[in-house]
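Observations on the three-dimensional arrangement
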Amino acid sequence: KAGVTQTPRYLIKTRGQQVTLSCSPISGHRSVSWYQQTPGQGLQFLFEYFSETQRNKGNFPGRFSGRQFSNSRSEMNVSTLELGDSALYLCASSFYRGETQYFGPGTRLLVL
Amino acid sequence: GENVEQHPSTLSVQEGDSAVIKCTYSDSASNYFPWYKQELGKRPQLIIDIRSNVGEKKDQRIAVTLNKTAKHFSLHITETQPEDSAVYFCAASPGQMDSSYKLIFGSGTRLLVRP
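Residues numbered from 1 in each chain as written. Chains lettered and ligands numbered in written order. Predicted model: local features only at pLDDT ≥ 70, side-chain atom pairs only at ≥ 80, totals over all residues. Heavy atoms only, no water.

**Observations regarding a nonpolar patch on the surface**
Residue and element names in this part refer to chain A. This is how it is decided: Each patch is built from residues lacking any salt bridge and having more than 30% relative accessible area; the joining distance is 9 Å for like charges and 5 Å for nonpolar side chains (Val, Leu, Ile, Met, Phe, Trp, Tyr). Shrake-Rupley sampling with a 1.4 Å probe provides the accessible areas, and residues are treated as covered by the protein chains on show and by no other component. Note on definitions: salt bridges are taken to be side-chain nitrogens of Lys or Arg within 4 Å of carboxyl oxygens of Asp or Glu. Here a strand is any run of E in DSSP of at least two residues, a helix any run of H or I of at least four, and the numbering for each starts at the N terminus. Buried means the residue's accessible area, taken with a 1.4 Å probe over protein chains only, is under 20% of the maximum for its type, while exposed means over 50%, and partly exposed covers the values in between.
A surface patch of nonpolar side chains, about 300 Å² in accessible area, is lined by I12, L110 and L112. Position of L110 among the secondary structure elements: in strand 11 (residues 107-111). According to the relative accessible area criterion, L110 is partly exposed, its value standing at 38%.

What follows is the structure, encoded as structure tokens:
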């Protein structure tokens, strides 16, 4: 099976812009979670989607949002970008909620 | 709030020696504990995981132990090799069938195996 894929892999934006990141889970996986990885804060949970519904959200401002489609693909959106949003954004998929999570390669976002 | 503490932050061992990384979690409802290895520029990869109904799990040179009473779990790597050099993350989760399912990660341990 193909692994989790994320697009784009790299992105440069300026403050105030918005960005949309995409995640395609492993075929058959229905749960998608998103994480932010930074040198200072480590790996932090953003949100989890299952059956097109956000099931859980981490401690991030409302500028961070996401959605999941009927084919389990997921997108996350960050509006009004800030310098501190520069990070590696990782998505992870699992067959079902609570099952083993497999990570994608991440999207590295740089905000200038 | 929910928290996972991981120690040490860096660990340097001689090839062939053992390495031990320890984590402590705060949420007593946690019942799933995966370990991920992340090489530079790569995605985190699951190396082993354990659920709370098991005290120990082994996979070749890697083992994880869990003490639910003390809320501790540890990763043990024996006969270390240079390719084991990476950052290792522990995580804890309430597990399946919980409305607050998510992974809470430790801060990571940078392991260096000296040839």
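**Observations regarding the packing of aromatic side chains**
This is how it is decided: Pairing of aromatic rings covers Phe, Tyr and Trp, the last counted by its six-membered ring, and requires centre-to-centre distances within 6.5 Å; plane angles under 30 degrees mean stacked, over 60 mean edge-to-face, and any other angle means tilted.
On inspection of all chains with the given rule, the structure shows 14 aromatic pairs over all chains. Ring geometry for A:Y35 versus B:F105: centroids 5.5 Å apart, planes at 90°, classification edge-to-face. Placement of the pair is A:Y35 in strand 4 (residues 31-38) and B:F105 in strand 10 (residues 104-105), with the two residues belonging to separate chains. Each member of the pair, A:Y35 as well as B:F105, is classed as buried. Between A:F103 and B:Y36 the ring centres are 5.1 Å apart and the planes differ by 90°, which places this aromatic pair in the edge-to-face class. Residue A:F103 is found in strand 10 (residues 102-103), and its partner B:Y36 is found in strand 4 (residues 32-38); the two belong to separate chains. Given the relative accessible area of 3%, A:F103 is considered buried. For B:Y36, a relative accessible area of 1% translates into the label buried. Three or more aromatic residues link up through ring pairs in this structure, and these residues are A:Y35, A:F45, A:F103, B:Y36, B:F89 and B:F105.

**Looking at the sheet that holds strand 3 (residues 19-25) of chain B**
Residues and elements named next belong to chain B. Going by this rule: Only strands joined by at least two bridges in the DSSP assignment are considered to pair. Helix axes use the C-alpha atoms of the stretch in contact, all axes being lines fitted to C-alpha atoms, and the angles between their N-to-C directions lie in the range 0 to 180 degrees.
An order of 1-3-8-7-6 is seen for the five strands of this open sheet, with the pairing classed as antiparallel. What marks the edges here is a single partner per strand, and that holds for strand 1 (4-7) and strand 6 (56-59). Looking at each pair of strands side by side, their axes are set apart by 15° on average, direction ignored. Across six bridges, the pairing between strand 3 and strand 8 (residues 72-77) is antiparallel. Residue C23 lies in a different strand from strand 8, and its bridge partner there is F73.

**Digging into the pairing of strand 4 of chain B**
In the case of a regular strand, side chains alternate between the two sheet surfaces. All names here are of chain B. Burial of strand 4 is extensive: seven of the seven residues sit out of reach of the surface. Burial along strand 4 is two-sided: Y32, P34, Y36 and Q38 facing one way and F33, W35 and K37 facing the other are all buried. Alignment of strand 4 against strand 5 (residues 45-51), held across six bridges, turns out to be antiparallel. Within the sheet, the bridge partner assigned to Y32 lies in strand 5 and is R51. Remark: six residues form the turn of the hairpin made by strand 4 and strand 5, two consecutive strands paired antiparallel; G41 in that turn has positive phi of roughly 75°. Across four bridges, strand 4 lies against strand 9 (residues 86-92) in antiparallel orientation. In the sheet register, K37 faces strand 9, and the bridge partner there is Y88.

**Structural notes on the sheet that holds strand 8 (residues 74-78) of chain A**
All names here are of chain A. Reading across from one edge, 1-3-8-7 is the order of the four strands in this open sheet, with antiparallel pairing throughout. Where the open sheet ends on each side, the last strands, each with one partner, are strand 1 (5-7) and strand 7 (64-68). Across the sheet, the mean angle separating the axes of adjacent strands is 20° when strand polarity is ignored. Across five bridges, strand 3 (residues 19-24) lies against strand 8 in antiparallel orientation. What sits directly across from V19, in strand 8, is V78.

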